Amino acid sequence: MNKSMLKTIVLGGTALTLTFALLTYPKEALEASVRGLNTWWKVVFPSLLPFFILSELLIGFGVVRFIGSILEPLMRPLFRVPGVGGFALAMGMGSGFPSGAKITARLRQEEQLSKTEAERLVSFTNSSNPIFIFGAVAVGFFSNAAMGIILAFAHYLGNILVGLVMRFYGKKADTTYSASTQRPSLIQAFKEMHEARIKDQRPIGKLLGDAVLSSVQSLLMIGGFIILFSVLNKLLFVMNITTFISSNLSYLFSLLQLSTALSLPFISGLFEITMGSQLTSQTAESTLFQQVIIVSFILGFSGFSVHAQVASILAETDIRFFPFFCARLMHGLFASILAILAWKPFEQNILSQAQWSPHALPTFLQEGTTSWSQIYFEFCTLYGPTFTILLLFTYSLLYMKRHFPLK
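Residues numbered from 1 in each chain as written. Predicted model: local features only at pLDDT ≥ 70, side-chain atom pairs only at ≥ 80, totals over all residues. Heavy atoms only, no water.

Labelled according to an unreviewed UniProt entry, the chain appears under the name Sporulation integral membrane protein YlbJ, originating from Priestia veravalensis.

So this is what it looks like as structure tokens:
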């Protein structure tokens, strides 16, 4: 039996097993599907769409080329990517997964990056956004705003360290690489911006329509993966597969002096970061220090759900997925180590604000709180679905106009 035949059997068998599990546990699958759908249309779609549309417009108007010219002397020596990588890094940190991958793929399609540079760039421009780290994880799950500081510190610094390590990736492929010592020139940057805008040639109306269509299509794909992995995570749990894996993993946790009760949340977090972080916060048998380490790894690794989203985006280009996967493992390890190193300086502040208990309501759901995270979640809950429906309606009109024009 050759390798290709074996792969076919494995993939087909896996699909049949999941289908059988779906038919066996329809109630659990439906609940997980609804949970994933709520996450997508209340939070993910309304929060990511503006960033996606804006990035498309900035690329079309040549602004990204302008930013790239200014940041070239910084990004080249540090990360060995063009200056436009600075735009992908900033947007990825601000809007979260998988913005960095989408922008990197777009820059590769525009031929502003080589294949090797794109594989380097995508490895360190995907991260959780600050709203999720501070609002959902620190305040929502742990009821401890101070924890957001150490989680964000470990997460973002770990991502930068991944970029510094990945600068050595594909060194032989960079035969034309040379560190730029030229100071950034505003005049040259404006010239490159103008040339990029003229080269695009699309009128503003078409550019805006293309931006909306492309962004909504990407978010529909992201929504599908969120729902799929939410259901998959639940099915693996009810089938006791997650429990079996975690029981074997508990030996490793014992060697690392971590609570074995954290092995189950850790496995869940490898599939989906929200569920993994929430289960970690509810593990009473572990200390807060151990929970910070596990959540830092989960946030850095980002979960197979995000991996699938990124793989789907990269499939439209020649960018390989494997370097991204290796970078996520590095990010998880770096973030965990940084969390350990940063624990002592932040320990007193975190413990003084600890209000955590396994049965406590999230802070943003408790009465009398007026934090920015509460305002954000309330806004998304109230207006997110309406915003999503309106944009989907707009997308439908634009799609019909493009593909079925009136004669």
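Undergrad: So what's going on with the packing of helix α6 (residues 115-124) against helix α8 (residues 147-166)? Which residues, and what values?
TA: Two packed helices can be described by the angle between their axes and the distance between those axes. With their axes 8 Å apart at the nearest point, α6 and α8 run at an angle of 160 degrees to one another. Taken together, the axes of α6 and α8 lie roughly antiparallel to each other. By crossing handedness, the relation of α6 to α8 is classed as right-handed. Contacts between α6 and α8 involve Glu119, Arg120, Ser123 and Phe124 from the former and Asn159, Val162, Gly163 and Met166 from the latter. (Axes fitted to C-alpha atoms, helices over the stretch in contact; angles between N-to-C directions. Helix = DSSP H or I, 4+ residues; strand = E, 2+ residues; numbered from the N terminus. Parallel < 35°, antiparallel > 145°, perpendicular 65-115°, else oblique. Left-handed = near helix turned anticlockwise from the far one by under 90°. Contact = heavy atoms within 4.5 Å.)

Undergrad: How would you summarise a nonpolar patch on the surface if you had to cite specific residues and measurements?
TA: On the surface, a cluster of nonpolar side chains totalling about 230 Å² of accessible area is made up of Leu74, Leu78 and Leu164. Residue position: Leu74 is located in helix α3 (residues 63-79). (Patch = residues over 30% accessible without salt bridge, like charges linked within 9 Å, V, L, I, M, F, W, Y side chains within 5 Å. Areas by Shrake-Rupley, 256 points an atom, 1.4 Å probe, with all protein chains shown as cover. Salt bridge = Lys/Arg side-chain N within 4 Å of Asp/Glu carboxyl O.)

Undergrad: Please give an account of the side chain of Thr280 that cites residues and values.
TA: The residue Thr280 is located in helix α13 (residues 273-281) in this model. Among residues more than four places away in sequence, those in contact with Thr280 are Leu262, Pro265, Gln291, Ile294, Val295 and Ile298.

Undergrad: Describe in detail the pattern of salt bridges, supporting the description with residues and values.
TA: Scanning the entire structure with this criterion turns up 10 salt bridges. Between Arg35 and Glu272 there is a salt bridge, and its shortest N-O distance comes to 3.4 Å. Taken together, the residues Arg35 in helix α2 (residues 26-60) and Glu272 in the loop between α12 (263-271) and α13 connect sequence positions 237 residues apart. Given a relative accessible area of 25%, Arg35 falls into the partly exposed group. For Arg320, the salt bridge goes to Glu119, with nearest N and O atoms at 3.3 Å. One end of the pair, Arg320, is in the loop between α15 (303-314) and α16 (322-352); the other, Glu119, is in helix α6, with 201 residues separating them in the sequence. (Buried < 20%, exposed > 50% of the residue type's maximum accessible area, 1.4 Å probe, protein only.)

Undergrad: Which residues make up the side chain of Asn129, and what values go with them?
TA: Along the chain, Asn129 turns up in the loop between α6 and α7 (130-141). A relative accessible area of 16% places Asn129 in the buried class. Leave out the neighbours within four places in its chain, and Asn129 touches Met93, Gly94, Ser95, Gly96 and Tyr156.

Undergrad: Any details on the nonpolar core? Residues and values, ideally.
TA: Residues Leu107, Met147, Ile150, Leu151, Leu219 and Phe266 are the most contacted members of the largest nonpolar core, which totals 93 residues. Ranked by the residues each element gives to this core, the list is headed by helix α10 (residues 204-238), at 13 residues. Counting 6 residues, the second largest nonpolar core, distinct from the first, contains Ala21, Ala29, Leu235 and Val238. (Core = buried A, V, L, I, M, F, W, Y, C linked by side-chain atoms within 4.5 Å.)

Undergrad: Provide a residue-level description of the environment of Leu252, including the pertinent values.
TA: Along the chain, the position of Leu252 falls in helix α11 (residues 241-255). Separated by 11 residues in sequence, Leu252 and Ser263 have C-alpha atoms that sit 9.1 Å apart.

Undergrad: Please provide a residue-by-residue account of unusual backbone geometry, values included.
TA: Between Phe97 and Pro98 the backbone carries a cis peptide bond, its omega angle lying at -15 degrees. Of note in the backbone geometry, Asn240 takes a positive phi value of approximately 65 degrees without being a glycine. Structurally, Asn240 is set in the loop between α10 and α11. Located in the positive-phi region is Ser302, a residue other than glycine, with phi close to 80 degrees.

Undergrad: Give a description of the confidence of the model for the chain that names residues and reports values.
TA: When pLDDT drops low, the exact placement of atoms in the prediction is not to be read closely. Mean pLDDT over the chain: 82, with 88% of residues reaching 70 or higher. Note on residues 175-181: pLDDT is under 50 here. Beyond four places in sequence and across chains, it has 7 contacts. Confidence over residues 356-370 falls short of pLDDT 50; this stretch has 27 contacts with residues more than four positions distant or in other chains. (pLDDT = per-residue confidence, 0-100.)

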